[in-house]
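These are the residues of each chain, in order.
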Amino acid sequence: MHASRGTQKRSAGLGLALLSAFAFGGSGVAAKPLIEAGLDPLHVVWLRVAGAALIMLPVAWRHRNLVRERPALLAGFGLFAVAGVQACYFAAISRIPVGVALLVEYLAPALVLGWVRFVQRRPVTRAAALGVVLAVGGLACVVEVWAGLSFDALGLLLALGAACCQVGYFVLSDHGGQEAKGRDRREGKGGDGGSVEPPPPLGVIAYGLIVGALVLTVVARPWGMDWSLLGGTAGMNGTGVPAWVLLGWIVLIATVLAYGTGVVSVRMLSPQVAGVVACLEAVIATVLAWVLLGEHLSAPQLIGGFVVLTGAFIAQSSAPKPPSGPVAAGAGAAAAAESELSAGRASH
């Protein structure tokens, strides 16, 4: 009986994880036609985050105690994992293919290990180091360094900026976790930090979206946006699609549904399994961009992308214990934090 329930739970978790990866992977494919239709990338990001924040307001109210208990975590999630990652990613895909931008962003796990080794001076395993080498080598194939970086240099830098924003949130979360352990020791609760309750992932996501929307409102200045574009059509590889349909996909599917199914799936699967499924996000995004946007990648780029994902997964699996608190995605950036949200997935 228990074995049957466990099998059903894992099957359901795998299905939800695949749905989440598909939903996240489609965000760039839906956003790029809007950008090419005339919307500024920052305006598209603002529409996505603000729309999702409105939908998540009931969740934020339910977990309103988080504002008092974990303000730094909420601010960091909103600033880095929501506003920073998405702004850089959407700006990047306006200049380079969706698949390339997402694969560059998958350097985040390698960058995290670099921070651990050279800034915090903590040891990393040989397997983790191998993962970093594979990720960097694969990236060289993706951007075709032998051709003198055939892609837009600014676009690549923006994608790298999205990866760095994920690292910033990793570091902030890890710092918050160390502070919690120190507080427990000072209060005589033991040194393992076990008495500190992890924040509810959906609550952190809801407030992260709210914080991100506020930050992006100042940066994007949506009052200057050409709202009439949302009533028109956007070209998707020669086919006209209503702009409001693409925006609805970005807000409802690629944000609300993606985060919700991702949170539930991680709690039903092991971090290793969730990490493997999260890596499919880049594959899904590349395939969708190929089919729907006509963005074809060469054979060396596809091989390089596979190597990047392999290296990212090895680096994530071999890293020290993940920081406490949900890390988006990303987007995302995207392995799984234990019993919480995908660590490393960008919020795409």
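Definitions and limits used
- Residues numbered from 1 in each chain as written.
- Predicted model: local features only at pLDDT ≥ 70, side-chain atom pairs only at ≥ 80, totals over all residues.
- Heavy atoms only, no water.
- Helix = DSSP H or I, 4+ residues; strand = E, 2+ residues; numbered from the N terminus.
- Polar contact = N/O pair within 3.5 Å; in protein donor to acceptor, adjacent residues only side chain to side chain.
- Phe/Tyr/Trp six-rings, centres within 6.5 Å; stacked < 30°, edge-to-face > 60°.
- Buried < 20%, exposed > 50% of the residue type's maximum accessible area, 1.4 Å probe, protein only.
- Lys NZ or Arg CZ within 6 Å of the ring centre and 35° of its normal.
- Expected span 1.5 Å × (residues − 1).
- Axes fitted to C-alpha atoms, helices over the stretch in contact; angles between N-to-C directions.
- Parallel < 35°, antiparallel > 145°, perpendicular 65-115°, else oblique.
- Left-handed = near helix turned anticlockwise from the far one by under 90°.
- Contact = heavy atoms within 4.5 Å.
- Nonpolar A, V, L, I, M, F, W, Y, C, P; charged D, E, K, R; others polar.
- Patch = residues over 30% accessible without salt bridge, like charges linked within 9 Å, V, L, I, M, F, W, Y side chains within 5 Å.
- Areas by Shrake-Rupley, 256 points an atom, 1.4 Å probe, with all protein chains shown as cover.
- Salt bridge = Lys/Arg side-chain N within 4 Å of Asp/Glu carboxyl O.
- Pairing = 2+ DSSP bridges.

## Details of the environment of Lys-32
At step 1: Within the secondary structure, Lys-32 is located in helix α2 (residues 27-36).
At step 2: Residues Lys-32 and Leu-246, spaced 214 residues apart in sequence, show a C-alpha to C-alpha distance of 9.6 Å.
At step 3: Within polar-contact distance, the side chain of Lys-32 engages the backbone oxygen of Ile-96 at 3.2 Å.

## As for the packing of aromatic side chains
At step 1: Summed over all chains, the structure comprises four aromatic pairs.
At step 2: Their ring planes at 80° and their centres at 6.2 Å tell us that Phe-22 and Trp-249 sit as a pair that is edge-to-face. Placement of the pair is Phe-22 in helix α1 (residues 2-25) and Trp-249 in helix α12 (residues 243-268), with a sequence separation of 227 residues.
At step 3: Here Phe-22 falls in the partly exposed class, since its relative accessible area comes to 36%.
At step 4: Relative accessible area serves as the criterion here: at 31%, Trp-249 is assigned to the partly exposed category.
At step 5: Ring plane angle 90° and centroid distance 5.2 Å describe the contact between Phe-24 and Tyr-259, whose orientation is recorded as edge-to-face. Pair noted here: Phe-24 is in helix α1 and Tyr-259 is in helix α12, with a separation of 235 residues, a long-range link.
At step 6: Phe-24 sits in the buried class, given a relative accessible area of 3%.
At step 7: The buried category is assigned to Tyr-259, whose relative accessible area is 3%.
At step 8: When the ring centre of Trp-61 is taken as origin, the NZ or CZ atom of Arg-64, which lies over that ring, is 4.2 Å away.

## Topic: helix α11 (residues 201-220)
At step 1: End to end, α11 covers 27 Å across 20 residues, agreeing with the expected 28 Å (1.5 Å per residue, within 8%).
At step 2: Turning to α11, its buried residues are Pro-201, Gly-203, Val-204, Ile-205, Ala-206, Tyr-207, Gly-208, Leu-209, Gly-212, Ala-213, Leu-216 and Ala-220.
At step 3: Directly after α11, the chain includes Arg-221, whose backbone phi takes a positive value near 50°.

## Observations concerning the packing of α11 against α12
At step 1: Following both chains from N to C, one finds α11 and α12 inclined at 155°, their axes separated by 10 Å at the closest point. The angle between α11 and α12 places the two elements in the roughly antiparallel class. α12 is crossed by α11, and the crossing has right-handed handedness. Touching Pro-201, Leu-202, Ile-205 and Leu-209 of α11 are Thr-255, Tyr-259, Gly-260, Val-263 and Arg-267, all from α12.
At step 2: When grouped by side-chain class, the residues that make up the contact of α11 with α12 number six nonpolar, two polar and one charged.

## Structural notes on a nonpolar patch on the surface
At step 1: Residues Leu-14, Leu-18, Leu-280, Val-283, Val-287, Val-291 and Leu-292 make up a contiguous nonpolar surface patch of about 530 Å² in total accessible area.
At step 2: At the level of secondary structure, the elements contributing two or more residues to the nonpolar patch comprise α1 and α13 (271-293).

## Notes on the pairing of strand β2 (residues 239-242)
At step 1: In terms of strand pairing, strand β1 (residues 233-236) meets β2 through four bridges, oriented antiparallel. By the bridge assignment for β2, Gly-235 is matched with Gly-240.
At step 2: In this structure, the hairpin formed by β1 and β2 is closed by a connection of two residues, where Asn-237 is found at a positive phi of approximately 55°.

## Digging into the packing of helix α6 (residues 71-93) against helix α7 (residues 98-105)
At step 1: Running from N to C, α6 and α7 cross one another at 145°; their axes reach a closest spacing of 9 Å. The two elements α6 and α7 meet at a crossing, and its hand is right-handed. Contacts between α6 and α7 involve Val-85, Tyr-89, Ala-92 and Ile-93 on the former and, on the latter, Val-98, Ala-101, Leu-102 and Glu-105.
At step 2: Considering only residue class, the contact of α6 with α7 consists of seven nonpolar, no polar and one charged.

## Brief notes about the pattern of salt bridges
At step 1: For the coordinates displayed, the defined rule picks out three salt bridges.
At step 2: For the salt bridge of Glu-295 with Lys-32, the shortest nitrogen-to-oxygen distance reads 2.6 Å. In this pair, Glu-295 is assigned in the loop between α13 and α14 (299-318) and Lys-32 in helix α2, connecting sequence segments 263 residues apart.
At step 3: A salt bridge links Arg-95 to Asp-152; its shortest N-O distance comes to 2.9 Å. Taken together, the residues span a long stretch of sequence, with Arg-95 in the loop between α6 and α7 and Asp-152 in the loop between α9 (126-142) and α10 (153-186) at a distance of 57 residues.
At step 4: Residue classification places Asp-152 among the partly exposed positions, given a relative accessible area of 27%.

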